[in-house]
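Examination of the molecular architecture
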Amino acid sequence: MATDPPFHQAYKSLIEDTSNNIFGKKLVLVEECELPLIDLSRILHNDNVVDESEREECKEEIARASQQWGFFQVTNHGISKDLLEKMREEQVKVFKQPFDKKSKEDKFMNFPAGSYRWGTPTATCLNQLSWSEAFHIPMADISASAAAFTTLSSTLEQFATTVAGLARKLTAILAEKLGRESTFFQENCLPSTCYLRMNRYPPCPVPSAIHGLMPHTDSDFLTILHQDEVGGLQLVKDGKWIAVKPNPEALIVNIGDLFQAWSNDVYKSVEHRVVTNPSTERFSIAYFFCPSYDTVIQNSEPSNYRKFSFREFRLQVQEDVQKYGHKVGLPRFLISH
Ligand SMILES: C=C1C[C@]23C[C@@]1(O)CC[C@H]2[C@@]12CC[C@H](O)[C@@](C)(C(=O)O1)[C@H]2[C@@H]3C(=O)O
Ligand SMILES: O=C(O)CCC(=O)C(=O)O
Ligand SMILES: [Fe+2]
């Protein structure tokens, strides 16, 4: 039984329409770079080994990278190798299940209905297509009690809890550096309001023309990503696409739309994408640090954005994706001065 989604069948006409392939080549021929690499042992160790100036320097590096890149890597992040390996093992096992089970079974792995996604149902041209499958899971539905039943749920829960701790620390530092109340995230981003997304990118026969995940910014405050050694993640820096070189010791952190708005454009929610390759499947897992739907994102005046709730933001994204095949995002909430 096939494990891969039926991409060829579903997107045959888009793939065969060669007039669509104007995006070719550009996807693969980009420079590889080292993202800023930040050693978190300076802020995560509470002992006296680390002096205050080192701690401050680390915080400064986090804020600087968030302003200049919107992306950085962290080492000594406190998530054990053991847990990361266990999570990857479970992720591989889940995606190995037959496509029919993943897509049709009502309560597959106890995930809520609609968690499994593949391709891009709204795509009308090739550059709107994502050659990947994902489980996009609201953490509210992975309760500690359900987690007792399967190794996957308990690993997911353990992973989410640990990564949430890291997200809380990083967002508190970023808030402090803005001179804003650092308890905002603790109060509004709860373990149950966050999302986990397991991604799988199957080998793609026409990699120069098709994205693994189309260009987008994340709709959250902050994302923490664990990727394998295959590579394929690219981001925009100074108007150019650059490829991220995988570092097995590091997790990737990026600023999302909500933080860009909340910081009034100080921290940057940067466009990123995943490119495919013809021979090797790739896995990644993203933790989206999100507030409750009622949380209002606002700044002191004058602000570049009107105030909006996370609910409003999500609904607008969904509406735009339906209508135009892609997300518009923050520009929708800009105030024209
Ligand atoms: C078609 C789309 C759905 C998506 C926004 C996009 O235009 C492109 C990527 C998708 C993605 C991937 C990461 C996150 O899961 C997400 C919430 C995001 O910000 O970009 C989703 C969007 C979505 O599912 O609405
Ligand atoms: O797979 C990756 O490297 C990136 C995934 C991503 O951007 C996402 O899930 O939002
Ligand atoms: Fe993303």
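Residues numbered from 1 in each chain as written. Chains lettered and ligands numbered in written order. Predicted model: local features only at pLDDT ≥ 70, side-chain atom pairs only at ≥ 80, totals over all residues. Heavy atoms only, no water.

This part takes up the UniProt feature "domain: Fe2OG dioxygenase" (unreviewed entry) in the protein chain. UniProt's entry tags residues 192–291 with the feature "domain: Fe2OG dioxygenase" (unreviewed entry), counted in the numbering of this structure. In residues 192–291, helix accounts for 6% and strand for 46%; the two terminal C-alpha atoms are 9 Å from one another. (UniProt positions renumbered as here; feature names shortened; annotations may be inferred. Helix = DSSP H or I, 4+ residues; strand = E, 2+ residues; numbered from the N terminus.)

So, on to the side chain of D218. With respect to the helices and strands, D218 occurs in the loop between β7 (211–216) and β8 (222–227). Ignoring any residue separated from it by four or fewer positions in sequence, one finds D218 in contact with T223, N254, G256, D257, S269, H272, F288 and K327. (Contact = heavy atoms within 4.5 Å.)

Here the focus is the packing of helix α5 (residues 81–95) against helix α7 (residues 151–178). Running from amino to carboxyl end, α5 crosses α7 at an angle of 135 degrees, the nearest separation of the two axes being 10 Å. Considering the angle they form, α5 stands oblique to α7. The interaxial crossing formed by α5 with α7 has left-handed handedness. Only T151, L152, T155, L156, Q158, F159 and T162 of α7 make contact with α5, whose side of the interface consists of L83, L84, K86, M87, E90 and V94. Looking at the contact of α5 with α7, its residues break down into seven nonpolar, four polar and two charged. (Axes fitted to C-alpha atoms, helices over the stretch in contact; angles between N-to-C directions. Parallel < 35°, antiparallel > 145°, perpendicular 65-115°, else oblique. Left-handed = near helix turned anticlockwise from the far one by under 90°. Nonpolar A, V, L, I, M, F, W, Y, C, P; charged D, E, K, R; others polar.)

With that out of the way, let us pick up the coordination of the iron ion (ligand 3). Coordination of the iron ion (ligand 3) by the protein involves H216 (NE2), D218 (OD) and H272 (NE2), with metal-donor separations of 2.1 to 2.2 Å. Sequence spacing of the donors to the iron ion (ligand 3): H-x1-D-x53-H. You can see H216 sitting in strand β7 and its partner H272 sitting in strand β12 (residues 272–275), a full 56 residues away along the chain. (Donors = N, O, S within 2.8 Å, 3.2 Å for Na, K, Ca; no water.)

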